[in-house]
Amino acid sequence: MTFIQVAVPVPLRQLFTYQHTRSLNSGVRVEVPFGPRTLVGVVVGTQDPADIDNIDKIKPLNRVIDNEPVIAPVLLKMAHWLWQYYHHAPGEVMHAMLPVPLRKGEAATPSAQRYLQLSDEGRQTDSDTLTRAPKQHACFMALKHGQLLAVEARKQYSPSAVKSLLQKALIEEVDQVPEFTPFGYLAQMQIGQTPVPDKEQAVAIAALNQQHNKFVISLLEGVTGSGKTEVYLQAIAPLLEAKQQVLILVPEIGLTPQTVARFEKRFSIPVGVLHSQLTDAARLLVWQRARAGELGIVIGTRSAIFTPFKHLGMIIVDEEHDESFKQQDGLRYHARDLAAMRAKEHRIPLLLGSATPALESLNNALTGRYTHLQLTRRAGGAQSTQQHLLDARDQPFHYGITEGLLTIMRQHVNAGNQVLVFVNRRGFAPAMLCHHCGETVMCKRCDKPYTVHKAQNRLQCHHCAGTRAMPRQCEACHSHELVTAGTGTEQVEQGLARLFPDAKQVRIDSDTVRGKDKLHNTLDAINRQEYQILVGTQILSKGHHFPHVTLVAVLDCDGALFSADFRAAEKLAQLVTQLAGRAGRASKPGEMWLQTHNPHHPLLQDLVNNGYSHFARHALLERKAAALPPFISQIIIRAEATDSALAFGFLQQCKTQLLMPIDNIEGPSVGGPFPCLMEKRQGRYRFMLVCNHAKRGPLHATLRRALPYMQALPEGAKVRWSVDIDPTDFS
Ligand SMILES: Nc1ncnc2c1ncn2[C@@H]1O[C@H](COP(=O)(O)OP(=O)(O)OP(=O)(O)O)[C@@H](O)[C@H]1O
Ligand SMILES: [Zn+2]
């Protein structure tokens, strides 16, 4: 009899022991009884019978699912690190690492899948016959390049488009077991036209070429449009040729088909793509193809860091400062940190790229822990964007835009160029209030004003997504005179339509671009110059290439200057710099105007006059002086409950545990319980404890000792609480 340790997907920070007739490899999935349920767990080791109490109570496994481990030894090490470092339940960590069908116990080896392909008739048909049905046309065109998974095609192009094409007999369905050829991509790989790298790019590429099969972390700090992507492309070419695969992580909304197309075009090989909007079947297929070594390149968002590879040669994290790399619920891991951990285990290089590096990464580069590669000039002769502040005080406003800014916009539009207007809020206006008594219409569940959405004729809470009908009168004084306050994208768009009747505009925010295709099509239309004015939120700041934009106008970011979050300045500086980077990327010079009521604010002055890299180095000095991350380690314990006293009381007891002295260890400082920046959300009151320590080790040791006591607190069952290691968000 062997005793097997299994990570079972339950929210408990421990492993469970089962008995089996023989030993099993770690990383194999097993089906186990758990109370009244049957769950799919992962074997992580065996246990010495001498260490087991109540040995006759140990239950047998129900069933062994895999012959071969689904989680390879390197990834098991990563899992181990994850549950230790993030103090998370091992079974939940394992599940997070697996594609959904495998969590449910389905076979890990490829099984028959239904594919769509062109029929004989389809192959002889001209796609022009479909131009009046755009979705059918798009699906047909995609199938011209090869088969698609049927479920994926239905999701992407709509079930009705697929149905019509089937009815027209232009396409057909086939069932096939996919076959994978390890490094099969090499047979078709052809390196396309490659620009001659400039001096700085050449230095970076040469440095990266020296790093093969070594664990080295490099920060590629390159101003916007400096050709970072070109460096990635040239750096990975020799690896692909040497049968080494490459994983590229990109931010959540930075993963556009343009990015993927650029890699496909350069190497003429299919690229595996992983993001949250894929079907489970499609994700599993990429997982299998990468694992078999069939894919040379995988590009994906945060969780792609868990993809198995046959021979991984390099990891790249593009826009490494982006907040979407940190998961903000459940297993709150940071994909950038995990990438470092993974690169170390595989003994391969990790490349972090950004125009606006996170202060953590920059500090590691400046202190020599990372190799520091810099691109200080834009590629292909483009000039850097001139940045200016526009004093908004005492200026007349039209729909949130000052007259001064309108004049500048007019010059750019009249010159036949495109203007990008950044507004930090979607919707029509961020609040509605009574003109008579001043009462604001509030979401009672969050204690925050509702955002007015005129297009839907509703109010929407951006914190809990709750909506309500537009009120007709004030709840306090019953006056019918309700007015809106502030400006959102919807209002700016409407205003600009009046102010610029001859210029075509497009709004880009999460209300107008739902789904990847919509964003892709809009971006294409922008680059075909179908629009002159682009109005949008953060989405517009992320890595897009707009060759015709010459002016970026930022309407209002003053709020961020006075935030209680110590990272607010860094986030604002990154946003502003990335926005500026959208202008003047091609032959025409670009400028950015930032409209503000605080034109003398030191942060804005520094950014505009000296740029991000100066700001960031200065901000690091400030962080050091104030003893803030990255110079100290931080952990937050959050608790929320409908009864605020419960959440507060629970954290107070946690604090007592965290302050309990441990031998030979200097304890952390524990602040709070403080209300979170969003004090109330969805009807729950929210508090946090902030634990700081100059050193990571003692901080984690303290938490490790306190956690079992915290878990045993009876109040813990009545509140929602969580542990956040290296937090990035205090909302
Ligand atoms: N050495 C080069 N010679 C000519 N053109 C180049 C060179 N390197 C890059 N480019 C071109 O310059 C433009 C910007 O390059 P790229 O997109 O690689 O920059 P980036 O630093 O990744 O941009 P961002 O971070 O702002 O998104 C692209 O059109 C690219 O093709
Ligand atoms: Zn709400």
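Residues numbered from 1 in each chain as written. Chains lettered and ligands numbered in written order. Predicted model: local features only at pLDDT ≥ 70, side-chain atom pairs only at ≥ 80, totals over all residues.

J.: Would you mind showing me how to read the site of ligand 1 here?
T.: Among the 19 residues in the neighbourhood of ligand 1, the closest are listed as Thr 224, Gly 227, Thr 229, Ala 379 and Gly 380. A per-element tally of the shell around ligand 1 places helix H10 (residues 228-241) first, with three residues. Its residues placed into classes, the shell around ligand 1 shows five nonpolar, eleven polar and three charged. (Near = placed C-beta within 6 Å. Helix = DSSP H or I, 4+ residues; strand = E, 2+ residues; numbered from the N terminus. Nonpolar A, V, L, I, M, F, W, Y, C, P; charged D, E, K, R; others polar.)

J.: Teacher, can you tell me more about the UniProt feature "binding site: Zn(2+) 2" (unreviewed entry) in the protein chain here?
T.: This chain's UniProt record puts "binding site: Zn(2+) 2" (unreviewed entry) on Cys 443, Cys 446, Cys 461 and Cys 464. Spatial clustering of the annotated residues is evident: they stretch over 22 residues in sequence, but the largest pairwise C-alpha distance comes to 8.8 Å. The exposure class assigned to Cys 443 is buried, which follows from the 24 C-beta atoms found within 10 Å. Beyond its immediate chain neighbours, meaning those up to four positions away, Cys 443 contacts Lys 448, Tyr 450, Cys 461, His 463, Cys 464 and Gly 466. In this structure, Cys 461 sits in the loop between strand E24 (458-460) and strand E25 (467-469). In this view, Cys 461 contacts Cys 443, Cys 446, Lys 448, Tyr 450 and Gly 466; residues no more than four positions away in its chain are not counted. (UniProt positions renumbered as here; feature names shortened; annotations may be inferred. Buried ≥ 20, exposed ≤ 12 C-beta atoms within 10 Å, placed from the backbone. Contact = placed C-beta atoms within 7 Å.)

J.: Hey, could you run me through the UniProt feature "binding site: Zn(2+) 1" (unreviewed entry) in the protein chain in this one?
T.: The sites that UniProt annotates as "binding site: Zn(2+) 1" (unreviewed entry) are Cys 434, Cys 437, Cys 474 and Cys 477. Of the residues just listed, which span 44 residues, no C-alpha pair is farther apart than 8.5 Å, and they cluster in one region. The class for Cys 434 is buried, based on 21 C-beta atoms found within 10 Å. Setting aside chain neighbours within four positions, we find Cys 434 in contact with Glu 439, Cys 474, Ala 476, Cys 477, Ser 479, Glu 481 and Leu 482. Along the chain, Cys 437 turns up in the loop between strand E20 (431-434) and strand E21 (442-443). For Cys 437, the residues in contact, after removing those within four places along its chain, are Cys 474, Ala 476, Cys 477 and Ser 479.

J.: Would you mind showing me how to read the sheet that holds strand E30 (residues 591-596) here?
T.: Within a sheet, each strand pairs with its neighbour through backbone hydrogen bonds, oriented either parallel or antiparallel. The sheet built from six strands is open, its strands ordered E16-E30-E29-E19-E28-E27 with parallel pairing. Edge positions in the sheet fall to strand E16 (386-391) and strand E27 (505-508), since each of these pairs with one other strand and no more. Ignoring which end each strand starts from, the neighbouring axes of this sheet average 20° apart. As paired strands, strand E29 (residues 549-554) and E30 are joined by four bridges and run parallel to one another. By the bridge assignment, Ala 553 is partnered in E30 with Trp 593. Across the face of the sheet, helix H15 (residues 403-414) comes into contact with E16, strand E19 (418-422), strand E28 (533-536), E29 and E30 while running at roughly 165° to E29. (Pairing = 2+ DSSP bridges. Axes fitted to C-alpha atoms, helices over the stretch in contact; angles between N-to-C directions.)

J.: Mind showing me how you'd approach the sheet that holds strand E10 (residues 245-249) here?
T.: With respect to topology, seven strands assemble into an open sheet ordered E11-E12-E10-E13-E14-E9-E15, the strand pairing being parallel. For this open sheet the edge positions go to strand E11 (272-274) and strand E15 (371-375), each flanked by a neighbour on one side alone. Taking the axes of each pair of neighbouring strands and ignoring which way they run, one obtains an average angle of 15° across the sheet. Pairing between E11 and strand E12 (residues 297-300): three bridges, direction parallel. Bridge pairing in E12 links Gly 272 to Val 298. Lying on the sheet, helix H12 (residues 280-291) is in contact with E10, E11 and E12; it crosses E11 at an angle near 135°.

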